[in-house]
Amino acid sequence: MNQGTSATRAATRAAWTPVLRDAGAYGQELGQQILAMAHEIAAHPLRGPLTDPGRSGEDKAALASRLFSGRLDERVVELLRGMVRGRWSKPVHLISALHDLGIEAILAGAHADGTVADIEREVFEASEIIGQDRELREALEPSRRATTEQRVRLAEEVFGRHLSAPAMSLVRWCVRHHAEGGPRRNLRRVVERAAALQRRTIADVVTAAPMTSAQEARLLAILTKRLGTEVELNTSIDPAVIGGARIAIKSHIIDHTVRSAVADLRAQLAG
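Residues numbered from 1 in each chain as written. Predicted model: local features only at pLDDT ≥ 70, side-chain atom pairs only at ≥ 80, totals over all residues. Heavy atoms only, no water.

Per an unreviewed UniProt entry, the protein goes by the name ATP synthase subunit delta and belongs to Actinomyces marmotae. The record held by UniProt for the protein lists under Sequence similarities (unreviewed entry) the comment "Belongs to the ATPase delta chain family." (UniProt positions renumbered as here; feature names shortened; annotations may be inferred.)

Have a look at this one:
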């Protein structure tokens, strides 16, 4: 991502933050509209015209108005107008930025009306269901066997009756958006953002055997002091780690296992 794209993202966030703050709980609706708009731009040949460096910023803003004024909340249309006036190194970066803003708006709106914990729980449970059902997981992952919209319809059939509209919008995005790790990685990203709004950090802990209550309490105390937030442990067992614990916090991994020590030793001997 080049400097122009980074500058446009930063300017957009600075302009959007007070709008989102003033919107309060309605931010959930704004976020759903942003995600729907991002999908429409991505699904049709609109990314190029809206990010074409050969067109003036005002020309691109006028195009955004023609496409969406009267159909979406004017605050969402103004957001897009401001974004397309800036510079984007690649058209896909505009879509990515809209995705981020849509997710943040839904979660911020939920935080304003006190339902962000509910949405976090709903998205987490959807992730767990996908993780436990291999057939469903494979059907929702990008492949040549089904189009994106077919996969989205499947997600709606499975989860639509059980999730709130904001949570379903997030699940829909997680299935549509191609990323390494598939829908489950996207769902985890949403859960982490929801937790961060509540000043909580989720730590994945893998051990060879279940930890005792005392061990969990000690680990929570250490992580809370290090991170400066409330910490939630998501524990699992893997005998292959042999001993110790493997802790993952977002993209950061703390690996203090016998298995990793053996691997390091082997690497040293091979070198």
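Back to the write-up after that little detour.
Participant: I keep staring at the nonpolar core and nothing clicks. Help me out?
Facilitator: Looking at soluble globular proteins, one finds that nonpolar side chains tend to be buried together. Residues Leu107, Ile119, Val123, Phe159, Leu170, Val171 and Val190 are the most contacted members of the largest nonpolar core, which totals 29 residues. Looking at this core, the elements that each hand over two or more residues are α6 (91–112), α7 (116–132), α8 (134–140), α9 (148–159), α10 (165–176) and α11 (182–197). Examining the composition of this core, we find that 7 residues originate from one element, α10, more than from any other. The residues touching Val171, leaving out its near neighbours within four places in the chain, are Ala126, Phe159, Leu163 and Leu187. Core analysis: the second largest hydrophobic core is formed by 28 residues, Trp16, Ala23, Leu30 and Leu50 among them. (Core = buried A, V, L, I, M, F, W, Y, C linked by side-chain atoms within 4.5 Å. Buried < 20%, exposed > 50% of the residue type's maximum accessible area, 1.4 Å probe, protein only. Helix = DSSP H or I, 4+ residues; strand = E, 2+ residues; numbered from the N terminus. Contact = heavy atoms within 4.5 Å.)

Participant: What should I look at first to understand the pattern of salt bridges in this one?
Facilitator: Pairing between side chains becomes possible if they bear opposite charge and their charged atoms approach one another. Taken as a whole and judged by the stated rule, the model has 21 salt bridges. A salt bridge links Glu104 to Arg193, with the nearest nitrogen and oxygen atoms 3.5 Å apart. Of this pair, Glu104 sits in helix α6 while Arg193 is found in helix α11, placing the two residues 89 residues apart along the sequence. Of the residues examined, Glu104 reaches a relative accessible area of 23% and is grouped as partly exposed. Under the relative-accessibility criterion, Arg193 is labelled partly exposed at 23%. Between Arg200 and Glu120 there is a salt bridge, with the nearest N and O atoms lying 2.9 Å from each other. (Salt bridge = Lys/Arg side-chain N within 4 Å of Asp/Glu carboxyl O.)

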